[in-house]
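In case you want the letters, here they are:
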Amino acid sequence: MVNSQSIFPVEGPCTASYCIIDVRRMPCFMRLVLFLLCLVALVESRKPRRKRWTGQLEPSKPSHLYKKNLDVTKIGTGKPPPLLRVDDHDFTMRPAFGGPAIPVGVDVQVESLDSISEDFTMTLYLRHYWRDERLAFPSTSNKSMTFDGRLVKKIWVPDIFFVHSKRSFTHDATTDNIMLRVFPDGHVLYSMRITVTAMCNMDFSHFPLDSQTCSLELESYAYTDEDLMLYWRNGDESLKTDEKISLSQFLIQKFHTTSRLAFYSSTGWYNRLYINFTLHRHIFFFLLQTYFPATLMVMLSWVSFWIDHRAVPARVSLGIMTVLTMSTIITGVNASMPRVSYIRAVDIYLWVSFVFVFLSVLEYAAVNYLTTVQERKGRKLREKFPCMCGMLHSRTMMLDGSYSESEANSLAGYPRSHILPEEERQDKIVVHLALNSELTASRKKGLLKGQMGLYIFQNTHAIDKYSRLIFPAFYIVFNLIYWSVFS
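Residues numbered from 1 in each chain as written. Predicted model: local features only at pLDDT ≥ 70, side-chain atom pairs only at ≥ 80, totals over all residues. Heavy atoms only, no water.

Draft legend 1. Quick look at the overall build of the protein. Assigned secondary structure in the protein consists of 10 helices and 14 strands. Residues counted as buried form 34% of the 487 residues belonging to the protein. As displayed, the protein offers around 32300 Å² of accessible surface, 59% of which is attributable to carbon and sulfur atoms. (Helix = DSSP H or I, 4+ residues; strand = E, 2+ residues; numbered from the N terminus. Buried < 20%, exposed > 50% of the residue type's maximum accessible area, 1.4 Å probe, protein only. Areas by Shrake-Rupley, 256 points an atom, 1.4 Å probe, with all protein chains shown as cover.)

This is the structure we're talking about:
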């Protein structure tokens, strides 16, 4: 409702900026217009005002839950002192600087172990334990505080490094894998996840029947034993391993820890910690890939002893094939192994097997040569006694001077149906007696001298016969000695 008298700003000769207008004196039309204007102004004043869009989102109002959980890390206007007085001390110096050596305990948990040859790669959790009174803080609950790697750059930590390492790094996915835990009394736990590749001095003289012992060495780089004393925190219990660790070529027998002092002529004595682990190589892979094929090739070379010496292509091709196969096996083993200047156990086995295969080829060469010599002597005897040119030489007889007519006719393999004349039969008997007497004399002469090999030399079939027994016997003896020495 509009009062009978209202205050409105007017323009005119009034002395004041406002004048009082008497509505009752206004005409009815003007009263209606004034009423509508007042009504419109009242409606517009109650509508919410629209803000102009600026492209930015307005912050939402905090809920009642947010108001209950206050942010304890928020620094107020008073800025109370922090719990860790990092800025009050010089952390470039070790704790108790100038005093006795600070003890630093170490324990390790091995996560994985792989890539073992002349070096190895190990992923581990490395933890340090020491006390720094400068980091002590008051606490009623005696609870520790945990920080990430950002605080490590502001305080003192031990400068541990890996001796004989080729490369190492701290994992940084998704952030640096570093943890720092500080207790109220100043005790500090410093943990990090590291992968390190270090050297392993392996001895391959018994390969692949070998056992290797590798070690990872930890040492302070700057602080001698007078400033920093490294020790295993719980002895052998300081080294933990994951039960799922397994290797394809090795069986992990045991892990153990040791410690000793290392001396450098220019800087002094340092505490050094050792992570030792013993590995035993799996032999089954090498049995299938190396020993078993080599043994088969040696046994295959013995097949030539049962083949007739007149089958030259068969025995020569078999010998060459076994020799080339053994050469391929030796080359493949050497290509996959580190080049060392000493003889390995596998080299002994392969080269002895190669010698057996090569000797089987030489055995047939000797048999073929002696056969040729024997045939040449036979031709010379036939030329010396022309009457034998028509006789068969399949077998001979020892005649002692007393023989019958049937024996004379069947001499040199002739059947009874081929009855020779008396004069021709007498000539052939004389020739056979001469040959047999010469052979008998040579045998008796060899036996008297003790040379039993003369019979083998004259009989080429005997060489193959004895080789069937000598070669396997010697190879079996070699295997017994080899596996008893190296296994």
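Moving on from the coordinates now.
Draft legend 2. Molecular detail of the nonpolar core. Core analysis: the largest hydrophobic core is formed by 79 residues, its most contacted members being Val108, Phe120, Leu126 and Leu216. Per-element tally for this core: the top contributor is helix α6 (residues 345–384), with seven residues. In this view, Leu216 contacts Phe120, Met122, Leu124, Phe162, Val196, Ala198, Leu273, Tyr274 and Ile275; residues no more than four positions away in its chain are not counted. (Core = buried A, V, L, I, M, F, W, Y, C linked by side-chain atoms within 4.5 Å. Contact = heavy atoms within 4.5 Å.)

Draft legend 3. Geometry of the sheet that holds strand β10 (residues 211–220). Across the sheet, four strands lie side by side as β6-β10-β14-β13; this open sheet has antiparallel pairing. Strands at the two margins of the open sheet, each flanked by one partner only, are β6 (160–163) and β13 (250–264). Ignoring strand direction, the axes of neighbouring strands in this sheet form an average angle of 25 degrees. As defined by bridge partners, β10 adjoins strand β14 (residues 268–281) across nine bridges and the pair is classed as antiparallel. Along β14, the bridge assignment pairs Cys214 with Phe277. (Pairing = 2+ DSSP bridges. Axes fitted to C-alpha atoms, helices over the stretch in contact; angles between N-to-C directions.)

Draft legend 4. Broad picture of helix α5 (residues 312–335). Between the first and last C-alpha of α5 there are 35 Å, a value that for 24 residues agrees with the 34 Å anticipated at 1.5 Å per step. Within α5, the full set of buried residues consists of Arg315, Leu318, Gly319, Thr322, Val323, Met326, Ile329, Ile330 and Val333. (Expected span 1.5 Å × (residues − 1).)

Draft legend 5. Quick look at the packing of helix α4 (residues 284–301) against α5. It is the contact of α4 with α5, at a shortest axis distance of 9 Å, that shows an interaxial angle of 165 degrees. Accordingly, the angle class assigned to the pair α4 and α5 is roughly antiparallel. The element α4 and its partner α5 pack so that their crossing is left-handed. Note on element contacts: α5 touches α4 through Leu318, Met321, Thr322, Thr325, Met326, Ile329 and Val333, opposite Thr290, Pro293, Ala294, Met297, Leu300 and Ser301. Among the residues making up the contact of α4 with α5, the classes are represented as nine nonpolar, four polar and no charged. (Parallel < 35°, antiparallel > 145°, perpendicular 65-115°, else oblique. Left-handed = near helix turned anticlockwise from the far one by under 90°. Nonpolar A, V, L, I, M, F, W, Y, C, P; charged D, E, K, R; others polar.)

Draft legend 6. Region of interest: the environment of Ala198. Residue position: Ala198 is located in strand β9 (residues 187–199). With a relative accessible area of 1%, Ala198 lands in the buried category. The sequence separation of Ala198 and Ser215 amounts to 17 residues, and the corresponding C-alpha distance is 8.6 Å. Excluding its chain neighbours within four sequence positions, the residues that come into contact with Ala198 are Asp119, Phe120, His164, Ser165, Lys166 and Leu216.

Draft legend 7. Expanded view of the side chain of Asp132. Looking at the element boundaries, Asp132 is found in the loop between β4 (119–131) and β5 (145–147). In terms of polar contacts, Asp132 uses its side chain to reach the side chain of Arg134, at 2.9 Å. Other than its neighbours up to four places away in sequence, Asp132 contacts Phe91, Pro95 and Gly186. (Polar contact = N/O pair within 3.5 Å; in protein donor to acceptor, adjacent residues only side chain to side chain.)

Draft legend 8. Fine view of the packing of α4 against α6. Packing of α4 against α6 leaves a shortest axis separation of 9 Å and a crossing angle of 15 degrees. The orientation of α4 relative to α6 falls into the category roughly parallel. Seen from above, α4 lies across α6 with left-handed handedness. Mapping the contact onto sequence places Thr290, Tyr291, Ala294, Thr295, Met297, Val298 and Ser301 in α4 and Val346, Tyr349, Leu350, Ser353, Phe356, Val357 and Ser360 in α6. A per-class count over the contact of α4 with α6 returns nine nonpolar, five polar and no charged.

Draft legend 9. Quick peek at the confidence of the model for the protein. Taken residue by residue, the protein gives an average pLDDT of 79. The fraction at 70 or more is 71%. Low pLDDT (under 50) marks residues 388–420, which in the prediction has 48 contacts with non-local residues, meaning those over four places away or in another chain. Counting interchain partners and residues more than four positions distant, the pLDDT-below-50 stretch residues 446–450 has three contacts. (pLDDT = per-residue confidence, 0-100.)

Draft legend 10. Quick look at the pattern of salt bridges. Inspection of every chain in the model, using the stated rule, returns 14 salt bridges. Asp148 is the salt-bridge partner of Arg150, the closest N and O atoms lying 2.6 Å from each other. Exposure remark for Arg150: the relative accessible area of 64% places this residue in the exposed category. Between Arg344 and Asp347 there is a salt bridge, with its nearest N and O atoms 2.9 Å apart. The network of salt bridges with shared partners includes Glu217, Glu219 and Arg272. (Salt bridge = Lys/Arg side-chain N within 4 Å of Asp/Glu carboxyl O.)

Draft legend 11. Expanded view of the pairing of β14. In terms of burial, β14 is a largely internal element, 12 of the 14 residues being buried. Sheet topology note: the β13/β14 ladder contains 14 bridges and is antiparallel. Residue pairing in the sheet places Leu251 in a bridge with His280 of β14. Linking β13 back to β14 in an antiparallel pair, the connection comprises three residues.

Draft legend 12. Region of interest: unusual backbone geometry. The omega torsion across Ala173 and Thr174 is 0 degrees, close enough to zero to call that bond cis. Within the fold, Thr174 resides in the loop between β7 (165–170) and β8 (178–182). With an omega of 0 degrees, the peptide bond between Phe207 and Pro208 qualifies as cis. Position of Pro208 relative to the elements: it lies in the loop between β9 and β10. In this structure, Ser115 takes a positive phi of about 55 degrees despite not being glycine.

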